[in-house]
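# An overview of the molecular structure
Each chain is listed here by its residues.
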Number of protein chains: 6
Amino acid sequence: MKILVANVNTTAKMTDVIAASAQAVAAPGTEIVGITPDFGAESVEGNYESYLAAVAVQEAILTYDGDYDAVIQAGYGEHGREGLQELLSVPVVDITEAAASTAQYLGHRYSVVTTLDRTVPLIEDRLLLAGLSQRCASVRASGLSVLELEEDHDRTVETIVAESVKAVEQDRAEVICLGCGGMAGLEAAVREATGVPVVDGVAAAVTVAESLVRLGLGTSKVRTYAPPRPKHVTRPVASRG
Amino acid sequence: MKILVANVNTTAKMTDVIAASAQAVAAPGTEIVGITPDFGAESVEGNYESYLAAVAVQEAILTYDGDYDAVIQAGYGEHGREGLQELLSVPVVDITEAAASTAQYLGHRYSVVTTLDRTVPLIEDRLLLAGLSQRCASVRASGLSVLELEEDHDRTVETIVAESVKAVEQDRAEVICLGCGGMAGLEAAVREATGVPVVDGVAAAVTVAESLVRLGLGTSKVRTYAPPRPKHVTRPVASRG
Amino acid sequence: MKILVANVNTTAKMTDVIAASAQAVAAPGTEIVGITPDFGAESVEGNYESYLAAVAVQEAILTYDGDYDAVIQAGYGEHGREGLQELLSVPVVDITEAAASTAQYLGHRYSVVTTLDRTVPLIEDRLLLAGLSQRCASVRASGLSVLELEEDHDRTVETIVAESVKAVEQDRAEVICLGCGGMAGLEAAVREATGVPVVDGVAAAVTVAESLVRLGLGTSKVRTYAPPRPKHVTRPVASRG
Amino acid sequence: MKILVANVNTTAKMTDVIAASAQAVAAPGTEIVGITPDFGAESVEGNYESYLAAVAVQEAILTYDGDYDAVIQAGYGEHGREGLQELLSVPVVDITEAAASTAQYLGHRYSVVTTLDRTVPLIEDRLLLAGLSQRCASVRASGLSVLELEEDHDRTVETIVAESVKAVEQDRAEVICLGCGGMAGLEAAVREATGVPVVDGVAAAVTVAESLVRLGLGTSKVRTYAPPRPKHVTRPVASRG
Amino acid sequence: MKILVANVNTTAKMTDVIAASAQAVAAPGTEIVGITPDFGAESVEGNYESYLAAVAVQEAILTYDGDYDAVIQAGYGEHGREGLQELLSVPVVDITEAAASTAQYLGHRYSVVTTLDRTVPLIEDRLLLAGLSQRCASVRASGLSVLELEEDHDRTVETIVAESVKAVEQDRAEVICLGCGGMAGLEAAVREATGVPVVDGVAAAVTVAESLVRLGLGTSKVRTYAPPRPKHVTRPVASRG
Amino acid sequence: MKILVANVNTTAKMTDVIAASAQAVAAPGTEIVGITPDFGAESVEGNYESYLAAVAVQEAILTYDGDYDAVIQAGYGEHGREGLQELLSVPVVDITEAAASTAQYLGHRYSVVTTLDRTVPLIEDRLLLAGLSQRCASVRASGLSVLELEEDHDRTVETIVAESVKAVEQDRAEVICLGCGGMAGLEAAVREATGVPVVDGVAAAVTVAESLVRLGLGTSKVRTYAPPRPKHVTRPVASRG
């Protein structure tokens, strides 16, 4: 089985990290291929960048040369999953939704701990659209940007742990979702500090995608995600310079 | 990995069928063990029988002698998952929720096609509690009882297919969940007739349980599903005669 | 008129207290009969015990020898009301729902003050299923267990009052529901401290049951609560030893 | 115990009918007093008339000379209950809410069968505000006006019964609420035709009011329904001619 | 174009202030006419007074002699808009709804800052009925009464600003609605202190009314807001003395 | 005042039609400038094309050389408004939301009549995110594609009218929103056939944008729509050939 994992930003190094973390949880026989978009932002933290990511990932998948069995969109709270579902009949799994759906098996309510305050509404909106907000206790921002997550590991751990503890104690969360692809690897620290299960979206999405493929299930093509109608489309490419 | 699959009724033959269908989709290395409750109804079609099932399954799991990595409750729309979650730290997966969560990856809205009209509200209630009703287009009854499903295969196929077509055309479902453990095996006929993906709850639950185990995730024990407090409990057993 | 009031735990002394408090508010001519289940926990504080209670109460009612006009299930936030409704055509009243429905006549929003933190989600779930959560300002835990409520009366009063004041001041509740059968008798203290009406579930349920009987209204038998279908059922009994 | 039952229109004959039907279900010792507003419409079928009724009932109650223990507002889907609650510390019961709350004890979902199509949204709005719409299957109009209900009894029975049957069969209602004060007396015919319990709002409200009085419960005065602040108010009276 | 702006209280000076602030934002060619009700309270702060206002405004509009193109009801959180819609085919705009709808164009969530705590539930109820509560972050009370707003300008500014800052920082509001007709003129101070857009309901309602008139849109008369049916109505007038 | 009206597809002729219809309702002194995206589809009917449109419009606005006071996104049910709000401090108005908000002033519930069945879920999703779905009676598809709307005017009128009549009669809509930029001009026919007010999204959006500008209100920049953070972004351009 081959699964494409699409990074939503243009930072190839992040694609590698995400793909590696995906491969680490994949079943034997599952090949993970990381996809980096040709255009967009080096990190995605807001609607403008998120829309760019949606289209850049669409283009990256459309131009990918080779077969594959499923696609994971590895941006937390980002736009775009619906477009991929229209283009493809293989399963498309968004990590925001995979994390939340997984968390719902584990506790009465879950919280998401993410990066900047400005991305909280994006995540809330995606959960609302996905029908997964009823059991969401809170989406909390750590105040760290996507790129800052990497800069000072100790500060990152401390900050994410502190916010997770608040989610459990104040918001009554019983499960924590790590709300950024770049937070993979923090599970143990958060679990230890809070005593609750911790879900990484990329890892969850890998097992969901594998499961759907194994069950022979793909995207429904009868209405919302029917293939685009034949028509003239001018496609975008990365600008030069 | 060993997964217990608990039938909710006392008909051992059904346990065998369910366990076999679970084993059929399980990953290599996953052992499925069917559990039959000691008391309750020969088929579960309503609240009285469903509550009996909840407690009978609790007892069956408590008295199971051996290790296991996860438990699946194989009743559609039944009570009881929360009790098992309290008793266990391994994952507990209800097939109603596994089916709905799986369906949500595949289309904009899903419907459940079940047995008798009287079980529709039970399924609706379980989806409501699970936070999975926003994207549920409808729960439709075929009018066939659990035991009738087995009697006349052609009638069963025809009836379930007809109701599924209505769900897609009238209720705008884009995915169908088969709303009874005893409907496993109808996927192909329904998919062919409707053109939409069809989810069997037992199969979905097996992959969910395997995924959770592989990710090292278990039930959160901090509040709702903390272990029962030490106290005097008089446990029930099957009556004689 | 005769009303059965079913305690959800096996502590007969509590049945007596509950029955006495029910009798105290009953209309002249209403006879209250307390029912103690044969199996289950000495106090109910969680899902495992609550499911046991649901089935134990079902059995206790099924085996009750005599006529009666209504049944009250006297557990706050417990499972089981639906099963009794299926078995009976006389009215079945759950104290959680009677308290909330009563509170809704008295103020814009109400809060429930209950025992342990772990029972909060159970109460929230029951209110959600009953369609009574929109006007629920909060469900607050006092931290006292069911049995501790009896141990030190002054501490109990002080703790429940303190939590009720928070509900009124912080959560904007205008009515307080006492969220445990064992809290009957605290109404005056809470009302005095908060200035808001205080509803005891057992008392509310008695008047609701009397009203339904007087109006000639019973459980609807057309769909959800139709009698169980004829089939083989193995019933549970209390284990020995 | 004395309960004022306020008719919402100026037709004194209707007040008598409503008061008589209230007295018929009242407990021994309960005195029902019918109140007819001084101004407003001869029958209330829409927002303009309903707002008039709200204020006319407020005035009628304010100017009522004598003691009483509770007030029932006997208009289905009408404005005004909140104003009375502010003016009074005794319980105020709206028949729309009493009917719905009572119905919720009896079945999984209830429907309201009312008069004209134009009053359906008023009833829906009142149920929404009261937090009682989640379990409302439908509000159905019979097409008969308030005054037509009286004209041809056979037509009235036939029409209300027909609409009730649709509510049960098409909307999955398990209980019917008669959505107009003027429908009292149709319970038996509707119950017989549908097989489901039928709730008359006035009757339900009488038992609710009696229950609240007996429990010593009145309107919460801490926030929403605190007494009006002292200030200059010019009160309305009926115009002459 | 001529727009009637109905004050909800009997204080003619307030009518003048509201009309002047409406005229200040009106387009060239728009004439604003202030309407003062004949009866009701000198300031409206609760349900009793709000219902009086609803009817008094209805009467004032019905007896207004002259043509007009739209009506604005200038009470925040008050009853009555539906009655006017029934009486008129020109547009009727409530400032509570105009403010909220306008705020929704400007940010992800909005808060309302109003006068007394007791009016918060009235505003919440009106937003709920209007379908505008999903994106409402909070309704906050300043503790100042309507008349106090005028007494000490500095205190008013300070208090409203302080509450607005809490709405933005604690409740995550991105837009503030000034929740009282008497708060017009505070926009600049609140905007400066919070950095977010500030919406005055009267100003918003003027542009909405002008827009509807320009687009040739009026109240739908097919069902809810059909004209009152012909029948005998006794209308209210102000009492003397 | 200058307002940019962004077409969402690459068909310049449609831009002209939309701009002309916008100019026709604009106030004296308002200049409308049509914007055609450089890439994307010739008509937008689904998620893939809608995401392309979102980014193409973002780019078109970013590269627009000149001042302007507001932006209208003239696609019904399309993605993208949030991205523009982040990029700009002037108001951004989506026609889907302007139509629904306008409709809500006119009747109790509104319906949207749109083009293809596949676009219904997109519109539903946008209304859900915008907090405007509570009063939406239905979104109905006419079965005509965007381009077919232009082909046979009589068929278009007949089809849209027929669907609108169903919305009013079956779904209880009291207002109709024309759910496609290309439906401007059908208002009179639909109004005549249904008797209800008909809202064209572009016209509504023009008056909303003008109103916001006149009130000095722009997009809140404190959280969700704060400007993108400074970072490296590779922007897309139209591909050649």
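Located above this text is the structure these notes cover.
I will try to describe carefully the structure that is included in this document. None of the values given here were measured: they were computed from a predicted structure. (Residues numbered from 1 in each chain as written. Chains lettered and ligands numbered in written order. Predicted model: local features only at pLDDT ≥ 70, side-chain atom pairs only at ≥ 80, totals over all residues. Heavy atoms only, no water.)

### A look at the overall build of chain A
How we decide: Strands here are runs of E lasting at least two residues and helices are runs of H or I lasting at least four, both read from the DSSP assignment and numbered beginning at the N terminus. This radius of gyration counts C-alpha atoms alone. The globule rule is 2.2 Å times how many residues there are, raised to the power 0.38. Only protein chains enter the accessibility calculation, which uses a 1.4 Å probe. A residue is then buried if its area is under 20% of the maximum for its type, exposed if over 50%, and partly exposed in between.
Check the secondary structure of chain A and you find nine helices and eleven strands. Scaling as 2.2 N^0.38, a compact globule of 241 residues should have a C-alpha radius of gyration of about 18 Å, and chain A matches this with 17 Å. Considered along the principal axes of its C-alpha atoms, chain A spans approximately 55 × 45 × 35 Å. Counting every position in chain A, which comprises 241 residues, the buried fraction comes to 68%.

### Regarding the interface of chain D and chain B
How big an interface is tends to be expressed through the accessible area that disappears when the partners come together. Quick reminder of the rule: We call two residues contacting when some pair of their heavy atoms lies within 4.5 Å. By buried area we mean the combined loss of accessible area, with a 1.4 Å probe, across both parts when two parts are placed together. The rule for a salt bridge is simple: a side-chain nitrogen of Lys or Arg has to be within 4 Å of a carboxyl oxygen of Asp or Glu. Two N or O atoms form a polar contact when they lie within 3.5 Å of each other; inside protein one atom must be a possible hydrogen donor and the other a possible acceptor, and for residues adjacent in sequence the pair counts only when both atoms belong to side chains. We call Asp, Glu, Lys and Arg charged. Ala, Val, Leu, Ile, Met, Phe, Trp, Tyr, Cys and Pro are nonpolar, and the rest, Gly among them, are polar.
Between chain D and chain B, the contact holds four residues from the first and six residues from the second. Approximately 370 Å² of surface area, both sides summed, lies buried where chain D meets chain B, with 38% of it carried by carbon and sulfur atoms. When the buried area of chain D at its contact with chain B is split by residue, D:H108, D:Q134 and D:R172 rank highest and sum to 91% of it. B:D117 is the salt-bridge partner of D:R172, the closest N and O atoms lying 2.7 Å from each other. There are two residue pairs in polar contact (both at pLDDT 80 or more) connecting chain D and chain B. Of the residues assigned to the side of chain D that touches chain B, the class counts are no nonpolar, two polar and two charged.

### Observations regarding the relation of the copies chain A and chain F
Quick reminder of the rule: Copies overlap after least-squares fitting; the atoms used are the C-alpha atoms of residues with pLDDT of at least 70 in both.
Each copy superposes on the other: chain A lies on chain F with an RMSD of 0.0 Å after a rotation of 180° and an axial shift of 0.0 Å. Interpreted geometrically, this transformation is the action of a two-fold axis.

### Comments concerning the environment of F:G34
Residues and elements named next belong to chain F. Along the chain, G34 turns up in strand 2 (residues 31-35). Separated by 153 residues in the primary sequence, G34 and E187 have C-alpha atoms spaced 22 Å apart. Here G34 is in contact with V5, T15 and A19, once residues within four sequence places are set aside.

### Let's talk about the sheet that holds strand 8 (residues 175-178) of chain C
Residue and element names in this part refer to chain C. The following threshold applies: Should DSSP find at least two bridges between two strands, the strands are taken to pair. A fitted line through C-alpha atoms serves as each axis, taken over the contacting stretch for helices, and the angle formed by two N-to-C directions is quoted from 0 to 180°.
Strand order in the open sheet formed by four strands is 7-6-8-9, with parallel pairing between adjacent strands. Of all the strands in the sheet, just strand 7 (136-141) and strand 9 (198-200) have a single pairing partner and so form its edges. Recorded for the sheet is a direction-independent mean angle of 20° between the axes of neighbouring strands. As judged from the five bridges shared by strand 6 (residues 110-114) and strand 7, these two strands associate in the parallel manner. Paired with S111 across the bridge in strand 7 is S138. The strands that helix 7 (residues 153-169) touches are strand 6, strand 7 and strand 8; relative to strand 7, the one it contacts most, it runs at about 155°.

### Some points on helix 4 (residues 95-104) of chain F
An α-helical turn contains 3.6 residues, so any two residues separated by three or four positions project in the same direction. The buried fraction of helix 4 of chain F is high, at ten of ten residues. Taken together, the buried positions of helix 4 of chain F are occupied by F:I95, F:T96, F:E97, F:A98, F:A99, F:A100, F:S101, F:T102, F:A103 and F:Q104.

### Description of unusual backbone geometry
One non-glycine residue, B:R172, adopts positive backbone phi at about 65°. Looking at the element boundaries, B:R172 is found in the loop between helix 7 (153-169) and strand 8 (175-178).

### Regarding the sheet that holds strand 9 (residues 198-200) of chain B
Residues and elements named next belong to chain B. With parallel pairing, the four strands of this open sheet are ordered in space as 7-6-8-9. Edge positions in the sheet fall to strand 7 (136-141) and strand 9, since each has one partner strand and no second. Neighbour-to-neighbour, the strand axes of this sheet turn through a mean angle of 20°, independent of strand direction. Sheet analysis places strand 6 (residues 110-114) next to strand 8, joined by four bridges and oriented parallel. Among the inter-strand pairings, S111 is bridged to a residue of strand 8, identified as I176. On the sheet, helix 4 (residues 95-104) packs against strand 6, strand 8 and strand 9 and is oriented at approximately 165° with respect to strand 8. Together, strand 6, strand 7 and strand 8 form the strand contacts of helix 7, whose direction differs from that of strand 7 by roughly 155°.

### Side note on the side chain of F:K2
Residues and elements named next belong to chain F. Test applied: Asp and Glu are treated as the negative residues and Lys and Arg as the positive ones, with His and the ends of the chain left uncounted.
Within the fold, K2 resides in strand 1 (residues 2-6). With no salt bridge to any partner, buried K2 finds its closest opposite charge in E31, at an N-O distance of 5.0 Å. At 3.0 Å, the side chain of K2 and the backbone oxygen of D67 are in polar contact. Those residues in contact with K2 that lie beyond four places of it in its chain are E31, V33, Y64, D67, Y68, D69 and A70.

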